[in-house]
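# An overview of the molecular structure
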Amino acid sequence: RIEQKVYGEPHPFLGVPTYQPPGIPQLQTIFCYFTRYTNSWKIMSKIEFYFDLLSEPCRSVQMFLDVNNIPYEAKYVDLSKGEHKTDTFKEINPNQLVPAVKHGDLKLFESVAILQYLANKFSTPDHWYPNDMKKRARINEYLHWHHMNTRWKGGLLVMLKFVFLPVFFKIEVSAEDKKAAIDTLKETLDNFENFFLKDNKFIAGDEISIADLMAIGELLAVDYVGIYVGKGRPKVEAWHKRCKDFLGSHYDAAHKVMEQYRATLEALPAPDY
Amino acid sequence: MSKIDFYSFFASPPCRVVHTFLEIAKIPYEYHTIDLIKVEQQSEEFRKINPHGKVPAIVHDGFLLTESIAIVQYLAQKFKTEDHWYPSDSKKRAKIDEYLCWHHSNCRQGTGVLFFHVAIATNVRKQPRNEDVIKERKAKLTDVLNFFENYFLKDSKFINSDDISIADIAAIIEFQQIKYIGIDIGKTRPNVKAWRDRVIARLGPTFDTIHEPLGKMTEPMQITEDFE
C-alpha cells in the first residue's frame, strides 16, 4: 500500500534537480535541494502523509500537497479495515484519526494544523496562507468556524445521518433526524455565503487559500448523496467551479475514491433538498 | 497603534479567552459589554458593527474579526507578544495549532455543553434536567481529560510545549467553568492537576478577576456534579 515517489528529474516547484541517493534505505525518505535563498544545499525529510480518501479532511490535505508539488510518501490507512485503530498507527497519531503527517521528528494531526504547517514550511505561494496579518486573520477566522459549522453542522453531519450511520454502522436514523440535518446544512450554507464567501471570488478574497480547500472537502462530500450545495446558490456554484478549475486534475484525484462509490450512494433514498 | 475595541460578555468562554489574553499580554483595549442574556448581540446597533451578530468580536483600526482563536492568533502577531504565546518556529507553532483545532470538537464539547445543561438549562431556564445529555457529555469529558493526561501533557509542562501558550489559555478557560459545577479535573489525573495549577498561577490575579462575574452567578446554585 505504500507508494514511494522517486524524484530524479527537475523538481517543478523548486526548479532544480533533486537527488535520491540509491541503495541506502534510510536515506530514501529525504531529498536534497539547492536553495537560492542561502545559496546552499539543504536536506529535508519527505512528508509521510497518512490518509484515506473517504475522509473529507484527507482530500483537502492531498489537494494541497499535489497542487504545490510537495514531495510525500503516501501512507494509506484503510478506515474500513480499522487500520486507524492499530498500535502501529497510534504511534503516528494517538488521536487515531486521519489525516496525520510525519515530517522528520514532527508528528502532527488535525487537517487545518497540517495545512498551516505545510504552507509555512514549504513556502508555498503566498495566497494559500498569506503573511499579511489581516489576510491571514481572515483565513484563520474561517478555519476555526469551519470545525463546528461547515463540518459538524454541514458536510459531516449529513454524511453521518445519510451514509455512515445507516449504511456502515447499520444504525437507523429517523426521518426527523435526517430532515434536521438537511435544515442545519442549509443554515450553515446561509452563514457561509453571508459571512465568508459574500461577493468574493474565494473565501479570503480574490485568490484561493487553504480555507477554500477545507470548505470544498466538506461541502462537496454531500454531492455523493445527491445534494449539490450550489443548487439555488449561484455564488456557491461559481465558487465551486472556480476552485475546481484552479485545482484541475488534483481535484479529480482527491475525489476518485468517492466517485467509485457515487453509484452506490446515489442509489440510497434521495434526500429532500 | 490604536487600541482594540473588544465586544464581549462574561458568560461566554470564548470571550473570556480573548479577555485573558488582552490582559496578560497588556494589549490596550476598550471593553464593550454585549449582554447575551438580553440578546443584545442581535440588536441593530451591534449588527452594524458586526453583521454576524456574535461575540467575541474585535475591531482594530476599522478591521473587524470574530472567532476567539483567530482573534488571539492575530493579537499575538500584531502586537508582537512574547514568542511562547504563539511561537514563530514552524514545528512549535504546528503543535500549538494542532491543539487549537482539536479544541473545538473535543474540549469544548465536554465542558461548555455540560456546564450549559447543568447550570443554565436546569438552574437559570428552569428546564427539567436532561440526564441523557449530561451523561453523554461527562463521557466526552472523561475522554478529553484522558487525552490531556496521556498525550498533550504527557512529556511537557504545558500543552505540547514547555512554556505557556494561547493553547493553554483556550483550554483552561473551558475547564475552569466546570469548577463552578463542582467538577475537579485534577482529582484523578496528576498531569492535568499540575498543569491546571501551573497555568492559573502563571495567569495570576487577572484570571480570578475575569471569573468573578461567573462565580457570582453560579455560587447561589450550589451545584456539585458527580465526576471522577
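Residues numbered from 1 in each chain as written. Chains lettered and ligands numbered in written order. Predicted model: local features only at pLDDT ≥ 70, side-chain atom pairs only at ≥ 80, totals over all residues. Heavy atoms only, no water.

It is worth spelling out the overall build of chain A at this point. Broken down by element type, chain A carries 9 helices and 7 strands. Once local pairs closer than 6 in sequence are excluded, the contacts in chain A between residues at least 24 apart make up 64%. A total accessible area of about 12,700 Å² is found for chain A, and carbon and sulfur atoms account for 53% of it. (Helix = DSSP H or I, 4+ residues; strand = E, 2+ residues; numbered from the N terminus. Contact = heavy atoms within 4.5 Å. Areas by Shrake-Rupley, 256 points an atom, 1.4 Å probe, with all protein chains shown as cover.)

Attention now goes to the pairing of strand β5 (residues 72-76) of chain A. All names here are of chain A. Among the 5 residues that make up β5, 4 are buried, leaving the element largely enclosed by the rest of the structure. As defined by bridge partners, strand β4 (residues 47-51) adjoins β5 across 5 bridges and the pair is classed as parallel. Its bridge partner being in β5, Tyr 50 is matched across the sheet by Lys 75. After leaving β4, the chain enters helix α1 (residues 56-67) and then returns to the sheet as β5, a path that is right-handed. (Buried < 20%, exposed > 50% of the residue type's maximum accessible area, 1.4 Å probe, protein only. Pairing = 2+ DSSP bridges. Right-handed = clockwise from strand over helix to strand, strands pointing away.)

So, on to the sheet that holds strand β2 (residues 29-33) of chain B. Residues and elements named next belong to chain B. The strand order β2-β1-β3-β4 describes an open sheet built from 4 strands, whose pairing is mixed. This sheet does not close on itself; its edge strands, each paired only once, are β2 and β4 (63-66). With strand direction ignored, the average angle separating the axes of adjacent strands in the sheet is 20 degrees. Pairing of strand β1 (residues 4-8) with strand β3 (residues 57-60), which is carried by 3 bridges, proceeds in the antiparallel orientation. Bridge assignment links Phe 6 to a residue of β3, and that residue is Ile 58. Against the sheet, helix α1 (residues 13-24) contacts β1 and β2, and its axis sits at roughly 150 degrees relative to β1. Seen against the sheet, helix α3 (residues 68-78) touches β1, β3 and β4 and runs at an angle of roughly 130 degrees to β4. (Axes fitted to C-alpha atoms, helices over the stretch in contact; angles between N-to-C directions.)

Time to look at the environment of B:Tyr7. Mapped onto the elements, B:Tyr7 comes out in strand β1. For B:Tyr7 and B:Ile172, which are 165 residues apart along the polypeptide, the C-alpha to C-alpha distance reads 21 Å.

Residue and element names in this part refer to chain A. Summed over the entire model, instances satisfying the criterion amount to 1 cavity of 30 Å³ or more. Its boundaries defined by the atoms lining it, the largest cavity holds a volume of some 60 Å³. If you go around the largest cavity, the residues you meet are Leu 54, Met 159, Val 163, Phe 164, Phe 168, Met 258, Tyr 261 and Leu 265. Those elements that place two or more of their residues in the lining of the largest cavity are α4 (133-168) and α9 (256-266). Ranked by the residues each element gives to the lining of the largest cavity, the list is headed by α4, at 4 residues. Partitioning the lining of the largest cavity into residue classes produces 8 nonpolar, no polar and no charged. (1 Å grid on protein atoms, 1.4 Å probe; cavity = no way out; pocket = protein on both sides within 12 Å on 5 of 7 lines; lining within 4 Å. Points joined across faces, edges and corners; volume = space filled by probe spheres on them. Nonpolar A, V, L, I, M, F, W, Y, C, P; charged D, E, K, R; others polar.)

This part is about the environment of A:Ala180. The topology assignment puts A:Ala180 in helix α5 (residues 175-197). Distance in space between the C-alpha atoms of A:Ala180 and A:Leu157 is 9.9 Å, their sequence separation being 23 residues.

Further remarks concern a negative patch on the surface. All names here are of chain A. Judged by side-chain charge, Asp 126, Asp 132, Asp 206 and Glu 207 come together as a negatively charged surface patch. Of note, Asp 126 is situated in the loop between α3 (111-121) and α4. Taking relative accessible area as the criterion, Asp 126 reaches 40% and is therefore assigned partly exposed. (Patch = residues over 30% accessible without salt bridge, like charges linked within 9 Å, V, L, I, M, F, W, Y side chains within 5 Å. Salt bridge = Lys/Arg side-chain N within 4 Å of Asp/Glu carboxyl O. Lys, Arg positive; Asp, Glu negative; His and termini not counted. Charge placed at Lys NZ, Arg CZ, Asp CG, Glu CD.)

The next thing to look at is the packing of aromatic side chains. If you walk through the whole model with that rule in mind, you get 33 aromatic pairs over all chains. Summarising the aromatic geometry, the rings of A:Phe109 and B:Phe147 are spaced 6.2 Å apart at their centres and angled 65 degrees between planes, so their arrangement reads as edge-to-face. With A:Phe109 in strand β7 (residues 106-109) and B:Phe147 in helix α6 (residues 131-152), this residue pair bridges two chains. With respect to class, A:Phe109 is no different from B:Phe147; both count as buried. (Phe/Tyr/Trp six-rings, centres within 6.5 Å; stacked < 30°, edge-to-face > 60°.)

Let us now look at the confidence of the model for chain A. Residue and element names in this part refer to chain A. Counting all residues, the mean pLDDT for chain A is 88, and 84% of those residues have values of 70 or more. Contacts of residues 1-21 to residues separated by more than four positions or lying in other chains number 50 contacts, the stretch itself having pLDDT below 50. Residue range residues 23-29 is modelled with pLDDT below 50. Its contacts to residues more than four positions away, or to other chains, number 9 contacts. (pLDDT = per-residue confidence, 0-100.)

The next point concerns the pattern of salt bridges. Residues and elements named next belong to chain A. A full pass over the atoms with the stated rule returns 29 salt bridges over all chains. Across the pair Arg 138 and Glu 141 runs a salt bridge, and its minimum N-O distance is 2.6 Å. Highlighted residues: Arg 138 and Glu 141, both in helix α4, separated by 3 residues, approximately one helical turn. Across the salt bridge formed by Lys 241 and Asp 245, the nearest N and O atoms sit 3.1 Å from each other. With Lys 241 and Asp 245 both in helix α7 (residues 234-247), this residue pair falls 4 residues apart, about one helical turn. By relative accessible area, which is 51% here, Lys 241 ends up exposed. We classify Asp 245 as exposed; its relative accessible area is 53%. Among the charged side chains, a salt-bridge network with shared partners connects Asp 223, Glu 259, Arg 262 and Glu 266.

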